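Take a look at the letters that make up each chain.
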Amino acid sequence: MGTGSKSSHQSYAVSPTALAEAPTAPLDITGAPAAGEGTDLAGAAAGASGEAAFEMPEPVVEPAPPAEPPADEDPLAELDGLLGTELEPEPVAAAAPPEEEAQEASAEGELQSSGDEPSAEEAVLLQAEDIEDVEEEEEETDPPLTPVPAAPPVGEPTGTPILVGGDDFINSEATLVAYDSPDGPREVLLTHISEEAEEKLLDALSIPGTHMEEIQVEEEVKERLDLDKEKKLAELTKTAVTSVQHKLKGSLPMSDASIAKHQAAVDAVSTVLNDPSISDDEKAMAQHYMDQLDVVKDKIDNGGSVMPWMDAYEVTATKMVTKQIPVPDGDPEPGTLAATVRKASRIQANLDPATGQTSWDGATRSSANGTEYEIDMGDGWKAVYRPYKDNDPANTEFSLRGQLEVHAPAGAGHGKDLVDRLEQLHLMNKPMTAAEGEWTYLANNIQAQGLEGSAGMKTAMETAQGLQDLQVQEIVHQRMESLMGLDSDALQTAMKRIHLEASHKVLPMKVEVVRDAVAKASGFSSGAELAASPGYEPTPSTGGKWLTWSRFDVTGNKAEIQSAFKGRSLSHNLNGGDLASLLGTGVLASTEKRAVMGIGGGLGMSEQDDKMTGGANSVFLRVKKTPSSPGGGRLIWDDPSVLMQRSDYYAYNGDHYGAINPAHHNYNAGAITRDPMQIAKFSGSSNEIMFRNGIDLLGAEAPSRIVCHTAAERSSILASLTARGITQLGGKPVEDVLCTESDY
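Residues numbered from 1 in each chain as written. Predicted model: local features only at pLDDT ≥ 70, side-chain atom pairs only at ≥ 80, totals over all residues. Heavy atoms only, no water.

Peer 1: How should the overall build of the chain be read in this particular structure?
Peer 2: Along the chain, the regular secondary structure elements total 23 helices and 23 strands. Out of the 744 residues in the chain, the part that is buried amounts to 48%. Surface accessibility of the chain: about 34,400 Å² in total, with carbon and sulfur atoms responsible for 50%. (Helix = DSSP H or I, 4+ residues; strand = E, 2+ residues; numbered from the N terminus. Buried < 20%, exposed > 50% of the residue type's maximum accessible area, 1.4 Å probe, protein only. Areas by Shrake-Rupley, 256 points an atom, 1.4 Å probe, with all protein chains shown as cover.)

Peer 1: How should I be thinking about the sheet that holds strand β18 (residues 688-692) in this particular structure?
Peer 2: Within a sheet, each strand pairs with its neighbour through backbone hydrogen bonds, oriented either parallel or antiparallel. Across the sheet, which stays open at both edges, the seven strands sit in the order β17-β18-β15-β13-β16-β20-β23 with mixed pairing between neighbours. Each end of this open sheet is capped by a strand with a single partner; those strands are β17 (650-652) and β23 (738-740). Strand-to-strand twist across the sheet, computed as the mean angle between neighbouring axes with direction ignored, equals 30°. Seen against the sheet, helix α22 (residues 711-723) touches β20 (705-708) and β23 and runs at an angle of roughly 170° to β23. (Pairing = 2+ DSSP bridges. Axes fitted to C-alpha atoms, helices over the stretch in contact; angles between N-to-C directions. Contact = heavy atoms within 4.5 Å.)

Peer 1: Teacher, can you tell me more about helix α10 (residues 434-448) here?
Peer 2: Given a rise of 1.5 Å per residue, 15 residues ought to cover 21 Å, and the 20 Å separating the end C-alpha atoms of α10 matches this to within 8%. When you tally the buried positions in α10, you get 13 out of 15 residues, the bulk of the element. At the C-terminal side of α10, G450 shows a positive phi close to 65°. (Expected span 1.5 Å × (residues − 1).)

Peer 1: Explanation requested: the pairing of strand β7 (residues 337-347) in the structure shown.
Peer 2: For strand β4 (residues 205-206) and β7, the ladder comprises two bridges, and the chain directions are parallel. Its bridge partner lying in β7, L205 is registered against L337. Inspection of the sheet shows β7 paired to strand β10 (residues 365-378) by eight bridges, in the antiparallel sense. Counted as the bridge partner of R342 is E372 from β10.

Peer 1: I'm lost on the confidence of the model for the chain in this one. Help?
Peer 2: Any region with low pLDDT has predicted coordinates that should not be read closely. When pLDDT is averaged along the chain, the result is 83, and 79% of the positions lie at 70 or above. Note that pLDDT drops below 50 for residues 1-73; the model gives that stretch 173 contacts with residues more than four away or on any other chain. For the stretch residues 85-118, pLDDT sits under 50, and the model shows 29 contacts to residues farther than four places along the chain or on other chains. (pLDDT = per-residue confidence, 0-100.)

Peer 1: Explain the packing of aromatic side chains here, please?
Peer 2: Where two aromatic rings form a pair, the distance of their centres and the angle of their planes describe that pair. Here the structure, examined in full by the defined rule, presents five aromatic pairs. Ring geometry for Y179 and W360: centres 5.7 Å apart, planes at 65°, overall edge-to-face. Pair noted here: Y179 is in strand β2 (residues 169-179) and W360 is in the loop between β9 (358-359) and β10, with a separation of 181 residues, a long-range link. For the ring pair Y649 and F691, a centre distance of 5.5 Å and an interplane angle of 50° mean the geometry is tilted. Separated by 42 residues along the polypeptide, Y649 in the loop between α20 (641-644) and β17 and F691 in strand β18 bring together distant segments of the chain. Of the two residues, Y649 and F691, neither departs from the other in class, the shared state being buried. The structure contains a cluster of three or more aromatic residues connected by ring pairs, namely Y441, F524, Y536 and F552. For the cation-ring pair, K510 lies above W439, with the distance from its terminal atom to the ring centre recorded as 4.7 Å. (Phe/Tyr/Trp six-rings, centres within 6.5 Å; stacked < 30°, edge-to-face > 60°. Lys NZ or Arg CZ within 6 Å of the ring centre and 35° of its normal.)

Peer 1: Sorry if this is basic, but what is going on with the pairing of strand β15 (residues 618-625) here?
Peer 2: The side chains of a regular strand alternate between both faces of the sheet. Taken together, the four bridges between strand β13 (residues 568-573) and β15 define a ladder with antiparallel strand orientation. Across the sheet, L570 pairs through a bridge with V623, a residue of β15. Strand direction decides the pairing type here: β15 and β18, joined by four bridges, are antiparallel. Residue pairing in the sheet places V619 in a bridge with F691 of β18.

Peer 1: Explain the nonpolar core here, please?
Peer 2: Nonpolar side chains tend toward joint burial in soluble globular proteins. Core analysis: the biggest nonpolar cluster contains 37 residues, and L570, L579, L621, L635, I679, F691 and I695 have the highest contact counts within it. When residues of this core are traced back to their parent elements, those giving at least two are α17 (579-585), β15, β16 (634-637), α20, β18, β20, α22 and α23 (734-737). Once residues lying within four places of it in the same chain are set aside, the contact partners of I679 are F565, R568, V623, M644, Y649, A651, T673, R674 and I689. Among the nonpolar cores identified, the runner-up in size contains 31 residues, and L337, M377, Y388 and L418 belong to it. (Core = buried A, V, L, I, M, F, W, Y, C linked by side-chain atoms within 4.5 Å.)

Peer 1: Could you clarify how one ought to interpret the sheet that holds β4 in this entry?
Peer 2: With mixed pairing, eight strands are arranged side by side in an open sheet as β1-β2-β3-β12-β11-β10-β7-β4. If you trace the sheet from one side to the other, it starts and ends with β1 (160-163) and β4, each paired once. Relative to β2, β1 runs antiparallel, the two being bridged by four bridges. Bridge pairing in β2 places I162 opposite A174.

Peer 1: Help me understand the pattern of salt bridges in this model?
Peer 2: Close approach of charged atoms allows side chains with opposite charge to pair. A complete count under the given rule lists 28 salt bridges for this structure. In this structure, R421 engages D379 in a salt bridge whose closest nitrogen and oxygen atoms are separated by 3.8 Å. Taken together, the residues span a long stretch of sequence, with R421 in the loop between α9 (415-420) and α10 and D379 in the loop between β10 and β11 (381-385) at a distance of 42 residues. Assessed through its relative accessible area of 18%, R421 is described here as buried. For E438, the salt bridge goes to R515, with nearest N and O atoms at 2.9 Å. Here E438 is found in helix α10, whereas its partner R515 is found in helix α13 (residues 488-521), with 77 residues between them in sequence. Salt bridges linked by common partners bring R342, R365, E372, E374, K382, R386 and E405 together as one network. (Salt bridge = Lys/Arg side-chain N within 4 Å of Asp/Glu carboxyl O.)

Peer 1: Any chance you could explain the state of the cysteines here in plain terms?
Peer 2: Linking two cysteines covalently through their sulfur atoms gives a disulfide. Inspection of the entire model under this criterion finds zero disulfides. Of all cysteine sulfurs, the one in C739 lies closest to C708, which takes part in no disulfide; the gap is 6.8 Å. Assessed through its relative accessible area of 0%, C708 is described here as buried. (Disulfide = S-S within 2.5 Å.)

Peer 1: In this structure, what is going on with the environment of R342? I would like to understand it.
Peer 2: Position of R342 among the secondary structure elements: in strand β7. For R342 and R386, which are 44 residues apart along the polypeptide, the C-alpha to C-alpha distance reads 9.8 Å. Each residue touching R342, except ones within four places of it in the same chain, is listed here: R365, G370, T371, E372, E374 and V384. At a separation of 2.7 Å, a polar atom in the side chain of R342 contacts the side chain of E372. A polar atom in the side chain of R342 sits 3.2 Å from the side chain of E374. (Polar contact = N/O pair within 3.5 Å; in protein donor to acceptor, adjacent residues only side chain to side chain.)

See below:
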């Protein structure tokens, strides 16, 4: 028997964008499809109030009724559970069906005329094939922003960054890493799911102690007598007590209404007391209420202090009751994955400083402070997940909560399968398209610019969700007959496909509604004006080691940001770290990223504390007056707008260890800011700006100055970069970026 804590009828959308081979050069990713393209919902443009008007096309429904299902197996009831609403019968449309539906009807007629009507399961497969055809068409018009490589490069420490459609992953980010090992490449997908998506993942698992079985046990229970329930004596008495109590608390005169309520209760109780056929228990029950009413009568007549709390009359009875109990070693529930609970850990990889390659044997792990699930996905596949719910922020590492690893069997070529396998965990499993990218871009800007509470934003978000819900219901109505013939598992599969289809059809409209609300919240007259503005860049930066989203309030006002930071720079001090090794990997990486890259601990100022605060998922920079004589081992961004255009940073004007953990004493919600203009004014000597994951030091985010300790160190680094074909950093010759202490 399944656990009552899980919904066996819950369904999840899966982004349907088709996969593609990775190109040899970075993609030129531009634009999103025109609003309303590819949607079945008409007239859904947002008005000035942020509300949308919809005109639903009437689906064509065949008049032949399905066979009557058994009363306890009503498919409509199950569909109600899936949709969260009652399904109303749809009228038969008078107009001719659209071309696509006419083709479907023709195909159905051919099947029926041949006498080979498809089964319910075959119908689901046919629907799946139809959706796959749609995916292939969409791939041509809306290709993935980050195509998934069939085989990630072996030994590359930073792996291959990709974007996955939907909202299941923080910033929609994932990374494919192929560790070198004696048994062949160990390909792993690393990502960080959002807390809102966790329930979906947990619903896919059978976790020891949560598998439930029903048993019959004898138990003593307290309950009211049937006669009490029938005559509502407890309710009438409580009403009288409450009414008079209110007057006593306020020292108010008794009202006619209070007196009438008391009399109604007395009449009902007296009728029972005067019935000679009642049992001793029933008589004691009625007397219990009459005693309460006598107290009420005294208060009506004489007033005084408030009365004691009135309890209903209950008797103790022994009954057989059905209870659900956890079975620690029970078999996995049908359709779920077996999970083992264990102490949290991390991949213990090794980075070879000579070759720059990272390796891992597929088994060795370092310990962490927390709990994780090891998940058997079958066929040699597994996953490791560190749940939010089982890792108390007060005493476990905050930075590991939500981390997910998906492991392929040893060997190369699993890149696409690693993404596909996310569906087993009820998570989005297709690479992000440009249309989905704009949705994520808008969501990131809403958070970065603090627009959540702006006028019209909540309405816009509700409208966007309503559009998708309506699209799901429309598709369900159109396919009602085939859905009603499915068993529970097949219905789950069909509903996943329907949510998948609906999410893509309605996405351009959702983007249009939210874009318009964001525009008005940020001073633009319309979404169209915002989209046409110079700073609007709804695709991520994909040229380097990281994928980052920008914020249009900075990219569209670069000169203003530069003016605010005039005479000030962003800097990072290596604190004795090896500058050559850092530039060998090419990234300034967070504590959590360094761990999976195979870089040992001890490089950060406060790595263990940062894991508890959540700062370990970011790198730390400081705002300082532009130094005229900087020390060695330092990275300096003299133009802070290069980094301030990112949407993933937050900052404190003091040392808070990058705290985002509300349970940590260093966290201060009132002191956190994401406003670049406020950050430019930071005066605290220990101020800190946190950038998620890290910074690509060799790409567009490269520092303007890299200060070496000695000329020999500079020469060595210059030779290494030249040998790798790196001649420019951030648009400047490498020779001009690399400098030494003695140059000042």
